[in-house]
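# Fold and contact review
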Amino acid sequence: MSYKIEITNGIATFTINRPEMRNAINYAVMDGLETFLSKVESDDSIAFAVITGAGDRAFCSGGDLSEFHGFRTAKEAYPMLSRMAGLLYRLSILPVPVIALVNGAAVGGGCEIASSCDYRLVSSKAKGGFIQGTLAITSGWGGASQLFAKMNNHTATLKFLSEAKVHTAQQLQSIGWATDVFEGDAQEALENFISDKKKIHPSVHKAYKKLAITNWTQTGLKDRMIEEAAQCAKLWESDAHHEAVDRFLNKE
Ligand SMILES: CC[C@@H](C(=O)O)C(=O)SCCNC(=O)CCNC(=O)[C@H](O)C(C)(C)COP(=O)(O)OP(=O)(O)OC[C@H]1O[C@@H](n2cnc3c(N)ncnc32)[C@H](O)[C@@H]1OP(=O)(O)O
């Protein structure tokens, strides 16, 4: 199974389970994420949502380039991009704190998934970045809009996106993207983080989350994410993009 859903003690966890592909997102994972979101949206007993990747190499390497490379035009790419943007918007507006447990590399769309969460716990061994620029596209799943909604420093955010570099965990923390950097075991880091949050009543977390969601609703975050998908789709059809993906797939 390309994903796992576990709900234990009020913590709902979605694990992308394709470690051999560095947890790249394909349609099966998108279907799983949709199921997960529906469960969390409809179960009041859930107090925290967590998204992570299987293994210790990657949180998520973005879209599965072998599966999506068949899209040649903007019209072909847009349905996939806008569907995932819609799912990440739903992830971001879940009524409980949403935690990205960044156990390994988070690049491209992987960075967009983590950016759509409220908190990012990042392994000291992980690396991450919006590397889409190296493929001659922008982020296409609404991740840039998520960043602009959440990061304080506009110039640092624009630099993070447009330079398309891979950063160390420490660098990710210094630009304000990583909430915490942990050494060692990811599950232990998650338990510590959640046990600290549990010192405060769940209704307080939910109430603050509601305020954040009101802000995002009023500033049209969903529409901006869908517009981001449309903009990426336009770049998708360029020769520069197809040539860059060919180079990755041919391991040049
Ligand atoms: C499509 C949406 C778009 C968006 O809107 O954001 C994107 O996400 S663009 C996609 C961005 N992702 C990439 O460009 C992939 C980048 N991958 C990497 O940089 C590295 O794989 C890694 C994540 C840093 C991990 O490096 P490492 O641990 O050294 O593993 P390998 O590179 O050897 O990968 C193992 C295996 O997995 C395949 N792989 C990795 N990522 C993807 C991917 N996104 N799609 C398809 N396949 C992927 C890689 O080709 C290797 O395959 P094999 O050699 O056949 O084992």
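These numbers were taken from a predicted model, which means no experiment stands behind them.

Quick notes on the rules
Residues numbered from 1 in each chain as written. Predicted model: local features only at pLDDT ≥ 70, side-chain atom pairs only at ≥ 80, totals over all residues. Near = placed C-beta within 6 Å. Helix = DSSP H or I, 4+ residues; strand = E, 2+ residues; numbered from the N terminus. Nonpolar A, V, L, I, M, F, W, Y, C, P; charged D, E, K, R; others polar. Pairing = 2+ DSSP bridges. pLDDT = per-residue confidence, 0-100. Buried ≥ 20, exposed ≤ 12 C-beta atoms within 10 Å, placed from the backbone. Axes fitted to C-alpha atoms, helices over the stretch in contact; angles between N-to-C directions. Core = buried A, V, L, I, M, F, W, Y, C linked by C-beta atoms within 7 Å. Right-handed = clockwise from strand over helix to strand, strands pointing away. Contact = placed C-beta atoms within 7 Å.

## Some details on the site of the ligand
- Taken together, 25 residues are adjacent to the ligand, and Gly 62, Gly 63, Gly 108, Gly 109 and Gly 140 come closest.
- Looking at the shell around the ligand, the elements that each hand over two or more residues are helix H2 (65-68), strand S6 (105-107) and helix H4 (109-115).
- Per element, the largest residue contribution to the shell around the ligand is 3 residues, and it comes from H2.
- Across the shell around the ligand, the residue classes break down as 12 nonpolar, 9 polar and 4 charged.

## Quick look at the environment of Asn 9
- For Asn 9, the location among the structural elements is in the loop between strand S1 (3-8) and strand S2 (11-16).
- Note: C-alpha distance between Asn 9 and Ala 189 (180 residues apart in sequence) is 17 Å.

## Side note on the sheet that holds strand S8 (residues 127-129)
- Strands sit in the order S4-S6-S8-S9 across an open sheet of 4 strands; the sheet is mixed. Two strands bound the open sheet, and with one partner strand each, they are strand S4 (58-60) and strand S9 (167-168).
- Inspection of the sheet shows S6 paired to S8 by 2 bridges, in the parallel sense. Residue pairing across strands places Val 107 opposite Gly 129, the latter belonging to S8.

## What to know about the confidence of the model for the chain
- Chain-level statistics for the chain give a pLDDT mean of 97 and a share of 100% at 70 or above.
- Quick note on the complex model: pTM equals 0.98, ipTM equals 0.98.

## What to know about unusual backbone geometry
- Positive phi, close to 55°, is recorded for Asn 23, a residue that is not glycine.
- Of the residues examined, Asn 23 has 30 C-beta atoms within 10 Å and is grouped as buried.

## With respect to the environment of Ser 203
- Here Ser 203 lies in helix H9 (residues 202-218).
- Put simply, Ser 203 and Asn 103 are 100 residues apart on the chain and 28 Å apart in space, counted from C-alpha to C-alpha.

## Description of helix H11 (residues 239-249)
- Little of H11 sits out of view: just 0 of its 11 residues are buried.
- Where H11 terminates, the next one or two residues include Lys 251, which has phi positive at roughly 55°.

## With respect to the sheet that holds S2
- With mixed pairing, the 6 strands of this open sheet are ordered in space as S1-S2-S3-S5-S7-S10. The sheet is open, and its two edges are formed by S1 and strand S10 (180-182), each paired on a single side. Ignoring which end each strand starts from, the neighbouring axes of this sheet average 20° apart.

## Things to note about the nonpolar core
- Grouped together as the largest cluster of nonpolar side chains are 68 residues, with contacts concentrated most on Leu 81, Leu 88, Ile 99, Val 102, Ala 106 and Leu 121.
- Of all the elements, helix H3 (residues 74-92) adds the most residues to this core, at 10 residues.

## Some points on the pairing of strand S3 (residues 48-53)
- Counted residue by residue, S3 has 6 buried out of 6 residues, so it is predominantly covered.
- Because side chains alternate across S3, one face comprises the buried residues Phe 48, Val 50 and Thr 52, and the other comprises Ala 49, Ile 51 and Gly 53, equally buried.
- Tracing the backbone out of S2, into helix H1 (residues 27-42) and back to the parallel element S3 gives a crossover that is right-handed.
- In this structure, S3 lies alongside strand S5 (residues 98-102), joined through 4 bridges in parallel fashion. Each bridged residue has a counterpart across the sheet, and for Thr 52 the counterpart in S5 is Leu 101.

## Quick look at the packing of helix H5 (residues 143-150) against helix H10 (residues 221-236)
- Packing of H5 against H10 brings their axes to within 8 Å, and their N-to-C directions diverge by 140°. Residues Ala 144, Ser 145 and Ala 149 of H5 touch H10, and the partners they reach there are Leu 221, Arg 224, Met 225 and Glu 228.
- Tallied by class, the residues present in the contact of H5 with H10 amount to 4 nonpolar, 1 polar and 2 charged.

## Considerations on the pairing of S5
- With 5 of its 5 residues buried, S5 lies for the most part within the structure.
- Of the two faces of S5, the one holding Val 98, Ala 100 and Val 102 and the one holding Ile 99 and Leu 101 are both buried throughout.
- In terms of strand pairing, S5 meets strand S7 (residues 119-123) through 4 bridges, oriented parallel. Pairing of Ile 99 across the sheet is with Tyr 119, part of S7.

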